[in-house]
Amino acid sequence: VVAYQYQLRTIALVDQRTTQPRDFAIMVDNLPTTATDENDIAEFFRKHAVPGKTDTEIVKVVIGWESAEYRVNMRKMTQLKRKMLVAYAAENVSFVGRCLAACTSMTCIGKYATVESLEDIVKQLNEVQAAMRKSAADMAKSIVSSGTVVE
């Protein structure tokens, strides 16, 4: 109990004597998902953050991005890479040891395997990678804000 009280007092003293991001940052939730321009958001808060003041200093706006599309594509890539490993192992018997080391179920090897052609898997993998590159290049058009901003 004494150590806990000492710890709380120390935390309070450190907090009083130091400046941390939480001392000057705010987090705003429930913005429209179309709010994707940091400059527009900064300008809005510059004008409206403090009542009666239209020149509040905004140092930086950071948007929390919704990354569901990215996660879906990364899952697809992981699955395709596993399939590629199995297909390669099926074509190259000497590779089966590495495939088994990477496989958790070990049910995909041998006569029980239903293996897509390596060529088809590579084509699918290239399509997913191309989709990810396209969304990165077109980020402002295709990415959706999570509605959270830290200023």
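Structure report, in brief. Treat the numbers as computed from the prediction; the structure is a model and nothing was measured.

Conventions we followed
Residues numbered from 1 in each chain as written. Predicted model: local features only at pLDDT ≥ 70, side-chain atom pairs only at ≥ 80, totals over all residues. Heavy atoms only, no water. Salt bridge = Lys/Arg side-chain N within 4 Å of Asp/Glu carboxyl O. Helix = DSSP H or I, 4+ residues; strand = E, 2+ residues; numbered from the N terminus. Buried < 20%, exposed > 50% of the residue type's maximum accessible area, 1.4 Å probe, protein only. Phe/Tyr/Trp six-rings, centres within 6.5 Å; stacked < 30°, edge-to-face > 60°.

1. A few points about the pattern of salt bridges
Within this structure, the stated rule accounts for three salt bridges. Residue K60 is joined to E38 by a salt bridge in which the shortest nitrogen-to-oxygen separation is 3.8 Å. Placement of the pair is K60 in the loop between α3 (38-48) and β2 (62-66) and E38 in helix α3, with a sequence separation of 22 residues. In this structure, the salt-bridge partner of E43 is R46, at a minimum N-O distance of 2.8 Å. Residue E43 and its partner R46 are located together in helix α3, separated by three residues, close to a single helical turn. Classification of E43 by relative accessible area gives partly exposed; the value is 32%.

2. Let's talk about the environment of E57
Mapped onto the secondary structure, E57 falls in the loop between α3 and β2. A C-alpha to C-alpha distance of 8.9 Å links E57 and F45, two positions twelve residues apart in sequence.

3. Thoughts on the packing of aromatic side chains
Using the criterion set out here, one finds one aromatic pair in the structure. Seen in terms of ring centroids, F44 and F45 are 5.3 Å apart; in terms of plane orientation they differ by 90°. Their pairing is edge-to-face. A residue is classified by how much of its surface remains accessible, and F45, at 13% relative accessible area, is buried.

Read these as layout, nothing more, since geometry by itself doesn't imply function.
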